[in-house]
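# Summary of the model geometry
Here is how the chains run, residue by residue.
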Amino acid sequence: MTDDGSLLTIEAASQSYDGKRWQFRNLDLSLRAGEITAVLGPNGRGKSTLLRVLAGLLTPTTARKLDLNPRTGFVPQAYSGSFPYTVLDVVLMGRARHIALFRMP
């Protein structure tokens, strides 16, 4: 959690891949535990880019404040992995540290 009790906070964050076309500009967002937030918009408007920033996978072009929770998870919409695991296997890998030794999930 951040200093103000939110799970993550960004202020005045902007992202552009080429410096000309902005995926989002001057975005302020604070997410708290127990809240449900939806990110909606047309294709190509920066929703996935925003989620990558919130997960810490991408650094925004500019941001006044970027306070992210290191335990934030991210499951991409499409992924071409180089291993033959099922979705359940991958989810259980992420839960491994929360399961006691020699216990079944």
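Attention in this report is confined to the structure presented alongside it.

Reading the values: the criteria
- Residues numbered from 1 in each chain as written.
- Predicted model: local features only at pLDDT ≥ 70, side-chain atom pairs only at ≥ 80, totals over all residues.
- Heavy atoms only, no water.
- 1 Å grid on protein atoms, 1.4 Å probe; cavity = no way out; pocket = protein on both sides within 12 Å on 5 of 7 lines; lining within 4 Å.
- Points joined across faces, edges and corners; volume = space filled by probe spheres on them.
- Nonpolar A, V, L, I, M, F, W, Y, C, P; charged D, E, K, R; others polar.
- Core = buried A, V, L, I, M, F, W, Y, C linked by side-chain atoms within 4.5 Å.
- Buried < 20%, exposed > 50% of the residue type's maximum accessible area, 1.4 Å probe, protein only.
- Helix = DSSP H or I, 4+ residues; strand = E, 2+ residues; numbered from the N terminus.
- Contact = heavy atoms within 4.5 Å.

The computed volume of the largest pocket comes to approximately 620 Å³. What lines the largest pocket is a set of 19 residues, and nearest its centre among them are Phe74, Val75, Pro76, Val90 and Val91. Here the residues of the lining of the largest pocket sort into 10 nonpolar, seven polar and two charged. Here the second largest pocket is characterised by a volume of approximately 240 Å³.

Another point: the nonpolar core. Leu8, Ile10, Ala13, Phe24, Leu31, Leu50, Val53 and Leu54 together form the largest nonpolar core, which totals eight residues. Among the secondary structure elements, those contributing two or more residues to this core are strand 1 (8-16), strand 2 (22-31) and helix 1 (47-54).

Right, let's get into the side chain of Thr49. Looking at where Thr49 falls in the secondary structure, it is placed in helix 1. Setting aside residues up to four positions removed in sequence, Thr49 forms contacts with Gln15, Tyr17, Gln23, Phe24 and Leu58.

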